[in-house]
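Architecture at a glance
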Amino acid sequence: MGTPQPHSTRRPSRYGGILRVATILTLLANAAFARNVILLIGDGMGFNHVAAGRAYAVGSDGALVMEGIERHGQVATHSATSAITDSSAAATALATGVKTYNDAVAVALDGLSLETILEIAKSSGMATGLVSTTRITHATPACFAAHEANRDNEVQIAQDYLRDSRPDVLLGGGGRVFSSALLGEARQAGYEIVSTADGLSVAAASATQTSKTLGLFAYSHLTQEIRRSEASSEPHLWDMVGAALAMLSVPSSDFFLMVEGGRIDDGAHDHDLRRTTLEVAAFDKAVEVVVNWTQAGSARQADTLVLVTADHETGGLSIQNPDETLAAGEFVTADWSTWEHTAADVPIWGFGPGSEAIAAQMDNTDIFPIMLDAISAEAGTVVSSVGKRATTLGAVKRAAATP
Ligand SMILES: [Zn+2]
C-alpha cells in the first residue's frame, strides 16, 4: 500500500505560548507531524495469532491488510515488575511511555498519575476517541483516559472518563458498569448514549462539532464474532471504527483514536483457536476500515499516523499444520503452551507521518514517543501537563535520540 501524501502545511501550535517559546529552542524540524493519530491494539495478538488469522481470512499464500502495511517491527512487552505483562501495564506503556506494575491504569510505580497520549491530544485541541470490543472501562481503553491503582476499579474508571478526560467518542461494552446515576452524569457531560448498531449509525450520521457519544452495546464485553447471532444488535468492531472516524472527522480539529480488538485475548486464554482466529480477522477488518479512510482522497485524512500492534501474546500459540497449505475459510491446527500471557514479542505495523521511527526491534515504551512526536507541533519540546504529573519521558527520549 502507498504512503499517504506528506503533509504540506504545519498546524498552528496547540500549546500556545509554551510552544511559541519552545519553537525558538527547537532542535530539529519535526518531520513526523500528523493531523490525526490512530492506534490499533490487538489484545493478546502475537505473531502466530496473526498467522492463524491470515490462513483463515485469505489463505496461506495471502496477507492480511495489516501485514501489507509498509513499515513493521516487533515489540518487547515486559512490565516494570514482570517479564510477562498484563493488558493494563502494557496499555500504560503504550499510552504514556512508562513501564509500570501489572494492574496499574496509567499510574506509575509510585502511584502518581501519568499523562496519557489521549490527554495530551485533548489538551492540545484534538478530538479523542476510544473503541473496544471489551467493556469500555476494561484495562486497555482505561489506560488511555483514566488513572487508577487497579484495573478492577471500573466504576472509578468510568467516572474518570466522565469527569476528567471526557473523550468525544467512547464505544464498546460495559453497560453493567454504568449505573443510572453514571448515565445521568454522562448526559450532563454532553454525551448521547447509544446501545445498538442502528443507534450508532444514526449518531454517526448526525454528529456535530460538539457532540459526544457513549456507545454501550453490551452488558459486559461485546459478543465474540463466532458466537453472534444474525439478529444481534451489537455493532462489529469495524462498524464502531467506521462510526468513530465519521464522528471524529466532523470537528475541524484533528483527532487521536485508540481501537482495541479486545477479545482475541479471551479466545486464546480458553485455547479456542476458532474464536481467537475470527477475532483476529475482525480486527484486521477494522484495520482495513482505517486504511481505506486514510486513502479516501482528502489530504486531511491522508495526514494520519496509523500504528497497529498488540499489548502482549496470549496462550503461547504455535501452529502445527502438517504438509499442506490452507485456503481461505480454513483453520490452522494449533497447540498452546499456557493458559496465561507469555513474554513473546508482538508485531507492530505503521504508516503515515512519524512511522519512519518504527524499528525492527522496539520496546513498548518506544511507541508513545512516536505518537507524541506526531501530535506535537514541534519536536524536542516538553509537553504541558493537564494538572496531573506530566509525562516527560517521551520528550527526554526524543532529546536523547537527537544528534
Ligand atoms: Zn489476557
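Residues numbered from 1 in each chain as written. Predicted model: local features only at pLDDT ≥ 70, side-chain atom pairs only at ≥ 80, totals over all residues.

A tally of helices and strands in the protein chain yields 14 helices and 14 strands. Expressed as a percentage of its 403 residues, the buried residues of the protein chain come to 56%. Taking as baseline every contact in the protein chain between residues at least 6 positions apart, the subset at least 24 positions apart corresponds to 73%. (Helix = DSSP H or I, 4+ residues; strand = E, 2+ residues; numbered from the N terminus. Buried ≥ 20, exposed ≤ 12 C-beta atoms within 10 Å, placed from the backbone. Contact = placed C-beta atoms within 7 Å.)

Before going further, it helps to examine the environment of Gly-111. Inspection of the secondary structure puts Gly-111 in the loop between helix 3 (87–96) and helix 4 (117–123). For Gly-111 and Tyr-101, which are 10 residues apart along the polypeptide, the C-alpha to C-alpha distance reads 9.8 Å.

The terminal C-alpha atoms of helix 2 (residues 47–58), which comprises 12 residues, lie 16 Å apart, in line with the 16 Å expected from a rise of 1.5 Å per residue. By the criterion of burial, helix 2 is predominantly enclosed, with 10 of the 12 residues buried. At its buried positions, helix 2 is contacted by helix 10 (264–269), helix 11 (273–294), strand 10 (318–319), strand 11 (334–335) and strand 13 (346–351). Looking one or two residues beyond helix 2, the residue adopting positive phi is Gly-59, at roughly 85°. (Expected span 1.5 Å × (residues − 1).)

Here we come to unusual backbone geometry. Positive phi outside glycine occurs at Ala-106, with the angle close to 50°. Tracing the backbone through its elements, the reader meets Ala-106 in the loop between helix 3 and helix 4. A tally of 29 C-beta atoms within 10 Å means that Ala-106 is categorised as buried.

So, on to the confidence of the model for the protein chain. Of all residues in the protein chain, 85% have pLDDT values of 70 or greater, and the mean over the chain is 87. Low pLDDT (under 50) marks residues 1–29, which in the prediction has 48 contacts with non-local residues, meaning those over four places away or in another chain. Scored below 50 in pLDDT, residues 378–403 shows 61 contacts in the model against residues more than four places distant or in partner chains. (pLDDT = per-residue confidence, 0-100.)

The strands that make up a sheet pair up through hydrogen bonds in the backbone, lying either parallel or antiparallel. In spatial order, the strands read 5-6-4-3-7-1-8-13-2-14; together these 10 strands make up an open sheet with mixed pairing. Each having just a single partner strand, strand 5 (191–194) and strand 14 (361–363) make up the two edges of the open sheet. Each neighbouring strand pair of the sheet contributes to a mean axis angle of 15°, computed without reference to strand direction. Direction of pairing for strand 1 (residues 36–42) relative to strand 8 (residues 304–310): parallel, over a ladder of 7 bridges. Bridge pairing links Asn-36 to Thr-304 in strand 8. (Pairing = 2+ DSSP bridges. Axes fitted to C-alpha atoms, helices over the stretch in contact; angles between N-to-C directions.)

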